[in-house]
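Summary of the model geometry
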Amino acid sequence: MIEAPISTPPQAYMDIISPQIDKARSLLEAGEKLQPLAFVGNLTTREIIPVMIQPGSGEDKDQSARLIQSAALVLDADFVFVIMEAWALRPDKIRQMDAILDKFGSIGASPYAIDVCVFSLETRRGMWASQPQIKPKGISRKKRTIGAVEFRYFTEAQGRFMHLLPKKEDDEPPTILH
C-alpha cells in the first residue's frame, strides 16, 4: 500500500460507517470477538447488504471476496466497508517485517504481533483504512477496546479484500474529495 497522511473519508460515508465502528467497539468492550463483516452499500438508494467473511482457509476467504463482489454488482455499490480483527506488527518492528516473516512464517506466529481491528473503506474515489490496536479494557481479561479510529487514504492497495467494487465505464482514477 502507498500511504498518505491521515484523511477522514467524505462525510456521506462517515455517516454510514461511524455506527458500525461504534458497534465494533461495543462488542469488544462486551468481551466478544468480532465476526469479520463487509458492508456493501449504495449511497443513492441507501441500501446496505452485510456479508459475513469466513476467516478460515485461503479458499474460504476467496469465496467471501467473491460473495462481496456479487453483492456489490447486485446493489450497483458505491462502497465496501470491511471490519475484522487481525494481527499487525508492532510499529517498532515494521522495518524488519521481511526478516520476521522469514523467521516465524507469519506475523501472528511472531512475538511482535499485536491485535488490531481493521477498518477498510473502498469507494470509487479510493481506499481509506485504519488499524487501531485492540487493548485490554481495564483489568478484564475478556473485555477489550480500541482507541481513536484514524483513517489514512491509500492511493494503491492490494489484497484479497481490495478492489471489490465492479468497474464502471465512467470511473475516474481515485482522488480525495471532501
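Residues numbered from 1 in each chain as written. Predicted model: local features only at pLDDT ≥ 70, side-chain atom pairs only at ≥ 80, totals over all residues. Heavy atoms only, no water.

**A look at the pattern of salt bridges**
Here is the rule we go by: By definition here, a salt bridge exists when the distance from a side-chain nitrogen of Lys or Arg to a carboxyl oxygen of Asp or Glu is within 4 Å. Runs of H or I in DSSP of at least four residues are treated as helices and runs of E of at least two as strands, each being numbered from the N terminus.
Counting across every chain of the model gives six salt bridges. Here Glu 85 ties to Lys 33 by a salt bridge, and the two come within 3.4 Å at their closest N and O atoms. Here the residue Glu 85 occupies a position in strand β4 (residues 79–89), and Lys 33 occupies one in the loop between α1 (11–29) and β2 (37–42), the gap between them amounting to 52 residues. The residue Arg 90 makes a salt bridge to Asp 92 at a minimum N-O spacing of 2.9 Å. Members of the salt-bridge network, linked through shared partners, are Lys 33, Glu 85 and Arg 144.

**Description of the layout of surface pockets**
Our working definition: Both site types are read off a 1 Å grid over the protein atoms alone. A 1.4 Å probe that fits but cannot get out defines a cavity, while an open set with protein on both sides within 12 Å along at least five of seven lines defines a pocket; lining residues have an atom within 4 Å of a point. Grid points are joined across faces, edges and corners, and a volume is the space filled by probe spheres set on the points. In this count, Pro and Cys sit with the nonpolar residues alongside Ala, Val, Leu, Ile, Met, Phe, Trp and Tyr, while Asp, Glu, Lys and Arg are called charged and the others, Gly among them, polar.
Estimated volume of the largest pocket: approximately 1,600 Å³. Listing elements by their share of the lining of the largest pocket, those giving two or more residues are β4, α3 (97–104), β5 (113–123), β6 (126–130) and β9 (152–156). Tallying contributions element by element places β4 first for the lining of the largest pocket, with seven residues. A per-class count over the lining of the largest pocket returns 25 nonpolar, nine polar and seven charged.

**What about the packing of aromatic side chains?**
Where we set the bar: Note on ring pairs: Phe, Tyr and Trp rings are taken, using the six-membered ring of Trp, and paired if centres are within 6.5 Å. Classes follow the plane angle, with under 30 degrees stacked, over 60 edge-to-face and the rest tilted. Type-normalised accessible area, obtained with a 1.4 Å probe on protein chains alone, sets the label of each residue: buried when under 20%, exposed when over 50%, and partly exposed for intermediate values.
If you walk through the whole model with that rule in mind, you get four aromatic pairs. Ring plane angle 5° and centroid distance 6.1 Å describe the contact between Phe 81 and Phe 119, whose orientation is recorded as stacked. Taken as a pair, Phe 81 in strand β4 and Phe 119 in strand β5 lie far apart in primary sequence, 38 residues in all. Between Trp 128 and Tyr 153, the aromatic rings sit 4.9 Å apart at their centres with planes inclined by 65°, giving edge-to-face as the arrangement. Note that Trp 128 is positioned in strand β6 and Tyr 153 in strand β9, a separation of 25 residues in sequence. Across the pair, Tyr 153 and Trp 128 agree in class, each one buried.

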